[in-house]
Amino acid sequence: MTSKARSVQPIQPEAFWKGLKAKSFGRSFYSFSEVTSTNDIASQLIAKGAPEGTLVTAEAQTKGRGRQGRVWTTSQGKALAFSLVLKPRLSSQEIAGITLASAVAVAQTLEVFDLKPQIKWPNDLLLKGKKVCGILTEVGPRHDNRQSVILGIGINLNQGAKDFPLAIRSLATSVYRASGHRVDRVEFLQKLMANLETVYGWMNEKKFSWVLAEWRKRSVTLDQRVKVTQIAKTFEGRVVDIDPRGFLLVRRETSLTETVLSGDIEILKLKTRKHV
Ligand code: BTN
């Protein structure tokens, strides 16, 4: 642990609970100065019987991880890094939609703070074209015969340019960099818990079409020319739609339409879409 890590106080549960409107999300709350990854802590807590809605936050992560094995760095006291324990009553195919639903909830929360986020499929939130939030959904352990899912979210709130490692400085942003305004991290987290609880409720009630309608309004991916990189292949095409399960439909030059379940999407030439 660095001396800087020791000096940053984790979010205080009492302050967090005070303005929390969510019924179950965040009611069980663990906050740390430093952990390996909040997803790891959530996994350990699930194995010990942690209920759905258990929230784990940390100021620093020594092994913070992103999708495709990437590293995720968190600026202490200026960002949010957390994991939420979910125990969905959904099929494994439906569980994939949790990432999209979570992206919608993060976007709705950013909008409360007068920002205009866009969602890049499947799980990146952008402000002015740069990444402000990443979402990593992992399958957690089974406990008491219930499958669990760990929803890991990292959001850049109050960092300035120099708080970002040089390698990602031109690609990443924060609410502060994009808008010039700082936001209260605790207030943001409280509002996000309420929004996540609502959209997750839609999923469990089999109203995924509601999630998709909200996702479409904020998508930066639809109608764009993209390069899709998957483990087995890479190809280019135009995003023609998102299907009812949340998979991208990409039409290749050959007119073959590929259904993209996972992979990295690079937008090749950005067409502007009106933000609703
Ligand atoms: C991505 O964009 O690749 C996903 C980034 C997810 C980062 C969050 S921070 C909290 C949680 N703990 C982790 O180790 N990762 C997720």
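Residues numbered from 1 in each chain as written. Predicted model: local features only at pLDDT ≥ 70, side-chain atom pairs only at ≥ 80, totals over all residues. Heavy atoms only, no water.

A. Summary view of the domain arrangement of the protein. According to the domain assignment, the protein contains domain 1 (3-218) and domain 2 (225-269). The straight-line distance from the C-alpha centre of domain 1 to that of domain 2 is 26 Å. At the interface, 12 residues of domain 1 touch 15 residues of domain 2. Across the domain 1 to domain 2 interface the summed buried area is about 1100 Å²; carbon plus sulfur atoms make up 57%. On the domain 1 side of the contact with domain 2, Q93, K120 and W121 bury the most area, a combined 48% of that side's loss. On the surface where domain 1 and domain 2 come into contact, there are 3 salt bridges. A salt bridge links D264 to R67; the nearest nitrogen and oxygen atoms lie 3.4 Å apart. In terms of residues, the side of domain 1 that touches domain 2 owes the most to one element, helix 8 (residues 208-218), which gives 4 residues. Residues that form the side of domain 1 that touches domain 2 fall into these classes: 6 nonpolar, 2 polar and 4 charged. (Domains from an automatic or database assignment. Contact = heavy atoms within 4.5 Å. Buried area = accessible area lost by both parts, 1.4 Å probe. Salt bridge = Lys/Arg side-chain N within 4 Å of Asp/Glu carboxyl O. Helix = DSSP H or I, 4+ residues; strand = E, 2+ residues; numbered from the N terminus. Nonpolar A, V, L, I, M, F, W, Y, C, P; charged D, E, K, R; others polar.)

B. Spotlight on the pattern of salt bridges. This structure, assessed with the given rule, holds 21 salt bridges. Its salt-bridge partner being E94, residue K206 comes within 3.0 Å of it at the nearest N-O pair. Taken together, the residues span a long stretch of sequence, with K206 in the loop between helix 7 (185-204) and helix 8 and E94 in helix 4 (residues 92-95) at a distance of 112 residues. The partner of D243 in a salt bridge is R245, and the shortest N-O contact between them spans 2.5 Å. Among the charged side chains, a network of salt bridges with common partners joins E111, E214, K217 and R218.

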